[in-house]
Amino acid sequence: MTTMKALLSVLAICLLGSYLALAQNPGGGQGAPPAGAPPAGGGQGRGGGGRGGAGGAQAGGAPAAPAQPMTFFATSVGSGKGADLGGLAGADAICQNLAAAAGRGAATWHAYVSTQGPGGVNARDRIGTGPWYNQRGQMVARDLAHLHGDTLDLARLGSNLVKNTALSEKGELVNGQGDNPNRHDMLTGSTPDGRAYTDGMDHTCSNYTRSDDVPGVTVQLGHSDRSGGGNTSWNSAHASAGCSQPALVRTGGAGLFYCFAIN
């Protein structure tokens, strides 16, 4: 009996010591965590990128920021009639229809094109105030000044509108310099600061109503990939060779243009 009491006393002392050690160091030092416990670091997802698993939570359990809706795209197709977009209203309708097919028809879309003559408008005055995001939720520009480089510092910095962000409404890259075929020419009819020309020359194929080739009648084009011909302007790189579809194709285009959501 005496021996049994001694053994029970020793066992009780050992158990008490283990309990006290665990209470002072519940993590178990640098070893593996107890079975079923979450890993150290507070729930980072795979790869340590700060996002959780299926719930997409960031480190610490905070929900990930929702993706920004598309408010900018380069059209995947043109009118098929060269620079004849059906005028300003027709250009806007193409934007609206393409956006609707991509699930963004609830927004109001305008084509980034300037018009000349009586009642002429500047492209920059009809696209809202930004910021604008592409189909993948990437920011293209914060505001009008950032988009157009209105100050020397902003002009040096440049906007985020480049080949990898100037996506179509389908989220696809637009072929650029070095691709076959090159389709980077975007109809804008605009100066680099996004305004209409006032020099008396036709820079809009008669406000996007002509599909023929007449000397002196052209449309000003931008490069969606900011590359080619020694000019990196996204909205005013060079004039077209004419207004017909073949003339637009000849200089690296397909009658495409930019669309912006204004709300």
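Refer to the structure printed above.
Below, the structure is looked at part by part. (Residues numbered from 1 in each chain as written. Predicted model: local features only at pLDDT ≥ 70, side-chain atom pairs only at ≥ 80, totals over all residues. Heavy atoms only, no water.)

## What about the overall build of the protein?
Thought 1: Tallying secondary structure elements over the protein gives six helices and eight strands in all.
Thought 2: The helix and strand sequence of the protein, counted from the amino end, reads α-β-α-β-β-β-α-α-β-α-β-β-α-β.
Thought 3: Looking at the 263 residues of the protein, the share that counts as buried comes to 40%.
Thought 4: Counting only contacts in the protein whose residues sit at least 6 apart along the sequence, the fraction spanning at least 24 positions is 62%.
Thought 5: Of the roughly 13600 Å² of accessible surface on the protein, a fraction of 57% belongs to carbon and sulfur atoms. (Helix = DSSP H or I, 4+ residues; strand = E, 2+ residues; numbered from the N terminus. Buried < 20%, exposed > 50% of the residue type's maximum accessible area, 1.4 Å probe, protein only. Contact = heavy atoms within 4.5 Å. Areas by Shrake-Rupley, 256 points an atom, 1.4 Å probe, with all protein chains shown as cover.)

## Details of the pairing of strand 6 (residues 220–223)
Thought 1: Of the two faces of strand 6, both are covered, the one formed by Gln220 and Gly222 as well as the one formed by Leu221 and His223.
Thought 2: Alignment of strand 5 (residues 185–187) against strand 6, held across three bridges, turns out to be antiparallel. Across the sheet, Leu187 pairs through a bridge with Leu221, a residue of strand 6.
Thought 3: Of the pairings in the sheet, the one linking strand 6 to strand 7 (residues 238–239) comprises two bridges and is antiparallel in character. Of the residues in strand 7, the one forming a bridge with Leu221 is His238. (Pairing = 2+ DSSP bridges.)

## Some words on unusual backbone geometry
Thought 1: In the segment running from Gly130 into Pro131, the intervening peptide bond is cis, with an omega of 0 degrees.
Thought 2: If you trace the backbone, Pro131 turns up in the loop between strand 2 (109–111) and strand 3 (132–133).
Thought 3: With an omega of 0 degrees, the peptide bond running from Asn180 to Pro181 counts as cis.
Thought 4: Of note, Pro181 is situated in the loop between helix 4 (152–157) and strand 5.

## As for the state of the cysteines
Thought 1: Across all of its chains, the model carries two disulfides by this definition.
Thought 2: Disulfide pairing is shown between Cys95 and Cys259; the S-S distance is 2.0 Å. Here the S-S torsion is close to -80 degrees, and the disulfide linking Cys95 with Cys259 is therefore left-handed. In this pair, Cys95 is assigned in helix 2 (residues 87–101) and Cys259 in strand 8 (residues 253–261), connecting sequence segments 164 residues apart.
Thought 3: With relative accessibility at 0%, the residue Cys95 sits in the buried group.
Thought 4: A relative accessible area of 0% places Cys259 in the buried class.
Thought 5: Sulfur-sulfur distance for the disulfide between Cys205 and Cys243 comes to 2.0 Å. Measuring handedness by torsion sign, the sulfur bridge of Cys205 and Cys243 sits at about -95 degrees and is left-handed. On the criterion of sequence distance, the pair formed by Cys205 in helix 5 (residues 205–208) and Cys243 in the loop between strand 7 and helix 6 (245–250) is long-range, its members being 38 residues apart.
Thought 6: Judged by relative accessible area, which is 0%, Cys205 ranks as buried. (Disulfide = S-S within 2.5 Å.)

## Structural notes on the environment of Thr188
Thought 1: Take Thr188: it is sitting in the loop between strand 5 and helix 5.
Thought 2: Residue class for Thr188 comes out buried when judged on its relative accessible area of 0%.
Thought 3: Spatially, the C-alpha atoms of Thr188 and Ser236 are 7.3 Å apart, while their sequence positions differ by 48 residues.
Thought 4: Among residues more than four places away in sequence, those in contact with Thr188 are Tyr112, Val113, Ser114, Tyr208, Gln220, Leu221, Gly222, Asn235 and Tyr258.

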